[in-house]
Amino acid sequence: MKYNVTIGMEVHAELKTSSKMFCACKNGLGMETEPNVNICPVCTAQPGSLPVPNEEAIRAVQRVGLALGCNLRLRSKFDRKNYFYPDLPKGYQISQFDQPFCENGTMVIGDKSFRITRIHLEEDTGKSMHPAGAEYTLVDYNRAGVPLMELVTEPDFTNSRDVGMFCQQLRQTLRYLGVSNADMEKGQMRCEVNISLYPEGADRLSGTKVEVKNINSFRSVERAIEYEIVRQTEALERGEQLVQETRGWDENKNATVSQRKKESAHDYRYFPEPDIPPFEFDEAYVEELRRSLPELPDAKRRRFLAEFGLPEKDILTLTEERAFSEYFEAVVSELTEKSQSKEMTAPLDKTIRLSVNYMLTELRKHLTENSQTITDLPIKPENYAEFIAIVADGEINSSAAQTVLGEMYRGGDGDTDPSHIIERLNLGQVNDTEALEKAVDAVLERNEQSVADFRSGKQNALQYLMGQVMAETKGKANPKMVMELLRKKLV
Ligand SMILES: [Zn+2]
């Protein structure tokens, strides 16, 4: 019997607003070093305290909805979701039941599209801690009341790869919008997957749904799904009846483990939150939000392809982070200016490609070595563009270029201007024919054997002589000119 797979997802993401969802407490996004520092009567549910909804969080979730092609509800409200747990001080969570802010979206990945059922807003819970060996539990309410968006998809996925791509593209969208850091390792983005199998030919929703939680990386999302597909297939082939349950992903065992059998659906006794009046939005408000959206990754990739004709692989890397792509665009506009004002002789498209090459290799290397991101980069786009123009116009050779860029990165003497650095380090390329000829003659005189070797047909000898001339000029000779001189003198 062949089985097919149906997968649906629920993704939670903490929004990086300045304050919490219903109070003025700082939203520390779990980065607090002490427990219970960002708390107040509202987020610890003291009697008589009242929630005040955070407008910034509502706008953020609505912008996410628009970016993912959702319809925004013009009428919406919060509801109470009742359940008891120590990290939930009110005994209920303020969430949204039947009127989520966003509905019916899609995410397009390549030639496939995946439906998004809804995106709603709620508050995060606190955290319980169970110290090893202790007979008590500690509770930290720093996270209680942090704005949390929940996105629910239709069961449109059939394999782990697509789910992984969906999560990555979602994270990228949240980051482009600047609404969440969506760092899974820090619990700022949490994925839950529902997986069921059905025999070929049967209804695709007829299988027994197993939910997997506690997944804290993209890689684990894919591995948990693959594990479940194998586990469920084997059970079905043995003739076993699968049970509807919640399982957790155990990173160390590389397996899912049963956590809770679901006898019946939870009864959360949802009812409208009486302390927060319903919301009414109008079309003008939705339009204003739509206009506030930045260019999204997919549109940016298509534009980069059309405008710069760069290889697809490079475009993917350039657009991975919004700040990185914006740095690149700032450099392009500087280069365009230099080209128009004839300050740079190399053709513009060549210099753009060169700027991408240096960004993706040397600049990224420096950033990685220093655990920095592009926003920490000390080199201003105008200085970087200047550097690219100098390299493209052949004023320094490639080994000097690496040195100059390294110096710019370190901000040598507080100066990141490449021409100053070239002057200070005396790195300017020697293009003076007379000076080069002198160096070449000196090398040929000292290396009679190599000259003879070359003349007897050993091509390697030419490379050796070339290296000697570069050493003689401390790497500053224009390699093309040296090669021409050598060939002329050796015939
Ligand atoms: Zn508070």
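None of these values were measured; they are calculated from a predicted model. (Residues numbered from 1 in each chain as written. Predicted model: local features only at pLDDT ≥ 70, side-chain atom pairs only at ≥ 80, totals over all residues. Heavy atoms only, no water.)

Draft legend 1. Local environment of the sheet that holds strand E5 (residues 92-95). If you trace the 3 strands from one edge of the open sheet to the other, you get E5-E4-E15, paired in antiparallel fashion. The open sheet terminates on both sides in strands that have one partner only, identified here as E5 and strand E15 (271-272). Alignment of strand E4 (residues 79-82) against E15, held across 2 bridges, turns out to be antiparallel. Residue pairing in the sheet places Arg80 in a bridge with Phe271 of E15. (Pairing = 2+ DSSP bridges. Helix = DSSP H or I, 4+ residues; strand = E, 2+ residues; numbered from the N terminus.)

Draft legend 2. Quick look at the nonpolar core. Ile119, Phe166 and Val193 are the most contacted members of the largest nonpolar core, which has 66 residues in total. Counting residues per element, this core draws most heavily on helix H1 (residues 55-67), which supplies 7 residues. Residues in contact with Phe166, not counting those within four places in the same chain, are Met9, Met107, Ile109, Phe114, Ile116, Leu151, Thr153 and Phe157. Residues Ile315, Val332, Ile390 and Tyr409 belong to the second largest nonpolar core, which totals 42 residues. (Core = buried A, V, L, I, M, F, W, Y, C linked by side-chain atoms within 4.5 Å. Buried < 20%, exposed > 50% of the residue type's maximum accessible area, 1.4 Å probe, protein only. Contact = heavy atoms within 4.5 Å.)

Draft legend 3. Just the pattern of salt bridges, in detail. In the structure shown here, the tally under the stated rule is 39 salt bridges. Residue Lys300 is joined to Glu295 by a salt bridge in which the shortest nitrogen-to-oxygen separation is 3.4 Å. On the basis of relative accessibility, which here comes to 29%, the residue Glu295 falls in the partly exposed class. Two residues, Glu295 and Arg303, come together in a salt bridge whose shortest N-O distance is 2.8 Å. A single salt-bridge network, built from bridges that share partners, covers Glu295, Lys300, Arg303, Glu307 and Glu329. (Salt bridge = Lys/Arg side-chain N within 4 Å of Asp/Glu carboxyl O.)

Draft legend 4. Representation of the packing of aromatic side chains. Scanning the entire structure with this criterion turns up 19 aromatic pairs. Ring geometry for Tyr268 versus Tyr270: centroids 6.0 Å apart, planes at 75°, classification edge-to-face. When the centroid spacing of 5.3 Å and the interplanar angle of 85° are considered together, the rings of Phe308 and Phe328 count as edge-to-face. With Phe308 in helix H5 (residues 297-308) and Phe328 in helix H7 (residues 322-340), this pair connects stretches of sequence that are 20 residues apart. When its relative accessible area of 13% is taken as the criterion, Phe308 is described as buried. On the basis of relative accessibility, which here comes to 0%, the residue Phe328 falls in the buried class. (Phe/Tyr/Trp six-rings, centres within 6.5 Å; stacked < 30°, edge-to-face > 60°.)

Draft legend 5. How the structure looks around the pairing of E5. Alternating positions in E5 separate into two faces, Tyr92 and Ile94 on one and Gln93 and Ser95 on the other, with burial throughout. Here E4 pairs with E5 via 4 bridges, running antiparallel. Bridge pairing links Lys81 to Gln93 in E5.

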